[in-house]
Amino acid sequence: SDTLPPPDPATTARPGTAHRERGGAESIVIAAGVATAAGAVSGFVWGGVGGRIAMRIVFLTSNESLAGLTSDDGFEIGTLSGATVFLLIFATILGAVAGLVVGLVRAVTLGPTWVVAPGIAVATAAAGGATIVHTDGVDFRFLEPLWLTVGLFVLIPGLWALSVVAMTDRLLRSPTVVGAPIAFDHGRWRLLGWVLLILIALLGVRDLTADVAALR
């Protein structure tokens, strides 16, 4: 009798891996949900823990007379208090909300993770830094050196965004997490994300530069 050739492993689905590829609106909804979760985790790490460490660093490099003053966010400079818990909670919630926005932007930004993640990180660093840095109050007028204080609080939003995009893209490629791989059909929107990122980055750099110039 004729013997049938063995099946080709490259074309044979493994048990439990059969799935359909998602696309369109469903992909965007799932991506936004995953990015929201990634944003919350990254917000806790970078915004909460990282922000507290950054404040401690700039306190150590500033004049000791600032100890005991209240920062613009309501924290007593140089001490750990119950306000730190509030910072962790706030950073987590803010990270989740911002993560949703990042997920939507990522969905309309064409390119691999290693290109898109730095692009979103730069735009977020510029916009976030411009939002955090201000010319009144205590934080940026008395904590020094200025380049370190500003640099840390520009770096934190950028690292947050980098983590969110990297985590989101990795999770969306995992069938065990989302049930099926996500495939974005960018179509007419393939350049929309990059246009938004460039615009946000330029506006952020403009405002941040003006604030730093006023602080000198």
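Being a predicted model, the structure only gives us computed values, none of them experimental. (Residues numbered from 1 in each chain as written. Predicted model: local features only at pLDDT ≥ 70, side-chain atom pairs only at ≥ 80, totals over all residues. Heavy atoms only, no water.)

1. Considerations on the packing of helix 3 (residues 113-132) against helix 7 (residues 192-215)
Packed helices, taken two at a time, are described by the angle their axes make and the gap between the axes. The criterion, for reference: Fitting a line to C-alpha atoms yields each axis, with helices limited to the stretch in contact; the angle taken between N-to-C directions then spans 0 to 180 degrees. Each helix is a run of H or I in the DSSP string that is no shorter than four residues. Each strand is a run of E no shorter than two, and both are numbered from the N terminus. In this scheme the crossing of two helices becomes right-handed for a clockwise turn of the near helix relative to the far one and left-handed for an anticlockwise turn of less than a right angle. Between two residues, a contact is recorded if the distance between any of their heavy atoms is within 4.5 Å. Residue type decides the class: Asp, Glu, Lys and Arg count as charged, Ala, Val, Leu, Ile, Met, Phe, Trp, Tyr, Cys and Pro as nonpolar, and the leftover types, Gly among them, as polar.
One way to put it is that helix 3 packs onto helix 7 with a least axis distance of 7 Å and a crossing angle of 35 degrees. In this structure, the crossing between helix 3 and helix 7 has a hand that is left-handed. Contacts between helix 3 and helix 7 involve Val-115, Val-116, Gly-119, Ile-120, Ala-123, Ala-126, Ala-127, Gly-129 and Ala-130 on the former and, on the latter, Trp-194, Leu-197, Ile-200, Ala-201, Gly-204, Val-205, Asp-207, Leu-208 and Asp-211. The residue makeup of the contact of helix 3 with helix 7, split by class, is 13 nonpolar, 3 polar and 2 charged.

2. Digging into the pattern of salt bridges
This is how the line gets drawn: What counts as a salt bridge is simple: a side-chain nitrogen of Lys or Arg found within 4 Å of a carboxyl oxygen of Asp or Glu.
For the structure shown, the criterion picks out 2 salt bridges. A salt bridge links Arg-106 to Asp-169, with the shortest nitrogen-to-oxygen separation between them at 2.9 Å. Here Arg-106, found in helix 2 (residues 83-107), pairs with Asp-169, found in helix 5 (residues 146-172); they are 63 residues apart in sequence, far enough to count as distant. The partner of Asp-207 in a salt bridge is Arg-206, and the shortest N-O contact between them spans 3.1 Å.

3. Some words on a nonpolar patch on the surface
Spelled out, the test is: Patches draw on residues past 30% relative accessible area with no salt bridge. Two like charges within 9 Å are joined, as are two nonpolar side chains (Val, Leu, Ile, Met, Phe, Trp, Tyr) within 5 Å. Calculation of accessible area relied on Shrake-Rupley with a 1.4 Å probe; when residues are assessed, cover is drawn exclusively from the protein chains displayed.
There is a patch of nonpolar side chains on the surface, built from Val-41, Phe-44, Val-45, Val-49, Ile-53, Ile-57 and Met-167 and spanning about 540 Å² of accessible area. Per-element accounting of the nonpolar patch gives the leading share, 6 residues, to helix 1 (residues 24-60). Within the element layout of this structure, Ile-57 appears in helix 1.

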